[in-house]
Amino acid sequence: MSNSHTAPIAGPTAAQARQRGLSARAALGWLGAGWRDLMTSPASSFFYGLVVFAISVAVTAGLIFLGLDYILFPAIAAFMVVGPLVAIGLYEKSRLIGANRPSSLGHMLFVRPASGAQVLFTGVILLGLALLWMRSAVIVYALFFGLHPFPGMDHIVPMLFTTGIGWAMLLTGTVIGGIFAAFSFAISVFAIPMLLDERTDAFTAMGTSISIVWNNRRVMIAWGAIVLGLTVVGLLTGFVGLIVIFPLLGHATWHAYRAMK
């Protein structure tokens, strides 16, 4: 009688289970899939983008009218933090298209996530992160220029680009903003689609999102660069470009989530 026994076979680690082995080019495939969803009953997606455009213009005009233009740039940056939450209706349209089910503007505006109120809880967390980012930007400005009144948009650009202290502030702000951006991207890029698609809690969704991003850094860096680049284009067009760019990125993000699921 043999005393030998078979050793148990070790399964994949949690990190290995999250690795998809996708190249950076896969991000372009997500963008292409997002475009196809955008062009499927495009009126609803364009209307969604138009609403985002109108809100962006209204908020910008409101800040300038109230003399709060000093937080305009941080507010625009903070928009990218809550963007995944705003795009939940676009995820819903892509989900319905993938399931071969009809989609309408009503489905996009009145979404019923599988996780229920956990989406709202995640939104509160993202909003808190956005407010913290905005406050950090004000503190950085105060550290370099002191507690002086904001000189206005006409004067701040020369101050930033023609003085040593301006360049120092830009460098510091870029580093701090980059940390906020990377963290907010990691916790939200897949969390909101997951909460829409599955019954889970906010912290599990955000933790899973971070794990997926970290274990697929190559393709996620490429995707983050695409999101940032297209968003900047939308901003430089006076928000008009967001009418197309925001729904395109929203639909594409859903396909990124499905590829990583």
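Our structure is the block above this text.
Summarised in this report is the structure supplied together with it. (Residues numbered from 1 in each chain as written. Predicted model: local features only at pLDDT ≥ 70, side-chain atom pairs only at ≥ 80, totals over all residues. Heavy atoms only, no water.)

**Some details on the environment of Gly250**
Piece 1. Secondary-structure assignment places Gly250 in helix H13 (residues 242-260).
Piece 2. A relative accessible area of 4% means that Gly250 is categorised as buried.
Piece 3. C-alpha separation for the pair Gly250 and Met80, spaced 170 residues apart in sequence, amounts to 12 Å.
Piece 4. Among residues more than four places away in sequence, those in contact with Gly250 are Ala87, Leu90 and Tyr91. (Helix = DSSP H or I, 4+ residues; strand = E, 2+ residues; numbered from the N terminus. Buried < 20%, exposed > 50% of the residue type's maximum accessible area, 1.4 Å probe, protein only. Contact = heavy atoms within 4.5 Å.)

**Considerations on helix H5 (residues 88-98)**
Piece 1. Judged by how many residues are buried, H5 sits mostly within the fold: eight of 11 residues are covered.
Piece 2. When we look at burial in H5, the residues that qualify are Ile88, Gly89, Leu90, Tyr91, Glu92, Lys93, Ser94 and Leu96.
Piece 3. In the stretch just after H5, Asn100 is the one whose phi turns positive, near 55°.

**Description of helix H11 (residues 202-215)**
Piece 1. Taking 1.5 Å per residue, 14 residues should reach 20 Å; H11 reaches 20 Å between its end C-alpha atoms and fits that length.
Piece 2. Measuring from the backbone nitrogen of Phe203 back to the side-chain oxygen at the start of H11 gives 3.1 Å, which picks out Asp201 as the cap. (Expected span 1.5 Å × (residues − 1). Polar contact = N/O pair within 3.5 Å; in protein donor to acceptor, adjacent residues only side chain to side chain.)

**Quick look at the side chain of Ser44**
Piece 1. Tracing the sequence through the fold places Ser44 in helix H3 (residues 42-65).
Piece 2. In terms of polar contacts, Ser44 uses its side chain to reach the backbone carbonyl oxygen of Ser41, at 3.1 Å.
Piece 3. Look past the residues within four positions of Ser44 in its chain and what remains in contact with it is Lys93, Leu105 and Met108.

**Re the nonpolar core**
Piece 1. Within the largest apolar cluster, 55 residues are counted, with the highest numbers of intra-cluster contacts made by Trp30, Phe190, Met220 and Trp223.
Piece 2. In terms of nonpolar packing, the next biggest core, distinct from the first, is built from six residues, Val140, Tyr141, Leu160 and Met169 among them. (Core = buried A, V, L, I, M, F, W, Y, C linked by side-chain atoms within 4.5 Å.)

**Some details on the pattern of salt bridges**
In a structure, side chains of opposite charge can pair up when their charged atoms sit close to one another.
Piece 1. Applying the stated criterion across every chain yields a total of four salt bridges.
Piece 2. The salt bridge involving Glu92 is made with Arg95; its shortest N-O contact spans 2.9 Å. Of this pair, Glu92 and Arg95 are both found in helix H5, three residues apart, which corresponds to roughly one turn of the helix.
Piece 3. Asp197 is the salt-bridge partner of Lys261, the closest N and O atoms lying 2.8 Å from each other. Remark: Asp197 occurs in helix H10 (residues 191-197) and Lys261 occurs in the segment after H13; sequence separation between them is 64 residues. (Salt bridge = Lys/Arg side-chain N within 4 Å of Asp/Glu carboxyl O.)

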